[in-house]
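Spelled out, the chains give:
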Amino acid sequence: CQHLLNELGEWEDTKFIFRLSHGDLIKGVLLHLGISAKDHVAQVIEYMKAYSSSNHKSQMTGRLQNLGVTDQSIQYLLSLLDADTGLNQLTNLLRPVTKRRADSAELVKSALQHLKKVESTAGRLGLKFELQFSVKSFYPPCLYSGLTFQVIRVLTKKASRNMDIIGAGGRYNELVRTFTDYLDFGSTTTTSTRRSIKQSEESAESGGNMSSEDTLCATGFSLSVDRLVSAIIKLDTFNPSIVQVVV
């Protein structure tokens, strides 16, 4: 993705940011705050989609109060949602959760460790774009599980700062698992085999061992081509040409 964006143009007064998150971060934080029911977790994640201004902050406060969340917990959650920062800073912000001996702490610590590995691997692979880390999750846990990310284009021209999400994706094992019984794994795969795969995945979640052969993994990434094209044609260096494309 970085190579593609660099090849498309010189991008004056523009920088790109990879914003990374992990589904278990928000799940652990909400569990820490006493929000554990699946429907309540889904509601909070839905509220996050509109969380961007002071007006939305007031609305979200009222909705969280309706769920029985205390004012102190609401303020802590809002402070986390406002933080798009480095991994070390985010780790410090999450210390009230991770310092406790609870399931919520284990969820968050495991997610932070995963993000740390991703950050290290990205550096070794030559990623030059800035990395930001966030607790926010804009995707329902029924679709995405684990790592999620967004590619953000930031315009810094004339002392202003406009942000535009041009790509997003993540890992969606949970979605694949939902359709396990309906997938065709090949003529040699039986119902008992599919059941064994599901049992292996459940064992892994509870701390058991699972072989790589039994793991159903899926990742996806979408790039907003229309937004990229709109941005490219505004560049001073843009030189239109005729190209034939067959899809």
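Computed from a prediction, not measured in an experiment: that's the story for all the values here.

(A) Examining the packing of helix α2 (residues 23-32) against helix α8 (residues 103-124) more closely. Here α2 crosses α8 at 160°, and the two axes come no closer than 8 Å. Classified by the interaxial angle, the pair formed by α2 and α8 is roughly antiparallel. For the crossing formed where α2 meets α8, the hand is left-handed. Facing D24, L25, K27, G28, V29, L31 and H32 of α2, the residues of α8 in contact are D103, S104, L107, V108, A111, L112 and L115. Taken together, the residues that form the contact of α2 with α8 break down as eight nonpolar, three polar and three charged.

(B) Highlighting the packing of aromatic side chains. Applying the stated rule across the entire model yields four aromatic pairs. In textbook terms, an aromatic cluster arises when at least three aromatic residues are bridged by ring pairs, as seen for F16, F18, F129, F149 and F221.

(C) Local environment of the side chain of Q132. Residue position: Q132 is located in strand β3 (residues 130-134). We classify Q132 as buried; its relative accessible area is 9%.

(D) Inspection of the nonpolar core at higher detail. L20, L25, M60, L64, L77 and L94 are the most contacted members of the largest nonpolar core, which totals 42 residues. Element by element, the count of residues in this core is highest for helix α5 (residues 71-81), at six residues.

So, how was this worked out
Residues numbered from 1 in each chain as written. Predicted model: local features only at pLDDT ≥ 70, side-chain atom pairs only at ≥ 80, totals over all residues. Heavy atoms only, no water. Axes fitted to C-alpha atoms, helices over the stretch in contact; angles between N-to-C directions. Helix = DSSP H or I, 4+ residues; strand = E, 2+ residues; numbered from the N terminus. Parallel < 35°, antiparallel > 145°, perpendicular 65-115°, else oblique. Left-handed = near helix turned anticlockwise from the far one by under 90°. Contact = heavy atoms within 4.5 Å. Nonpolar A, V, L, I, M, F, W, Y, C, P; charged D, E, K, R; others polar. Phe/Tyr/Trp six-rings, centres within 6.5 Å; stacked < 30°, edge-to-face > 60°. Buried < 20%, exposed > 50% of the residue type's maximum accessible area, 1.4 Å probe, protein only. Core = buried A, V, L, I, M, F, W, Y, C linked by side-chain atoms within 4.5 Å.

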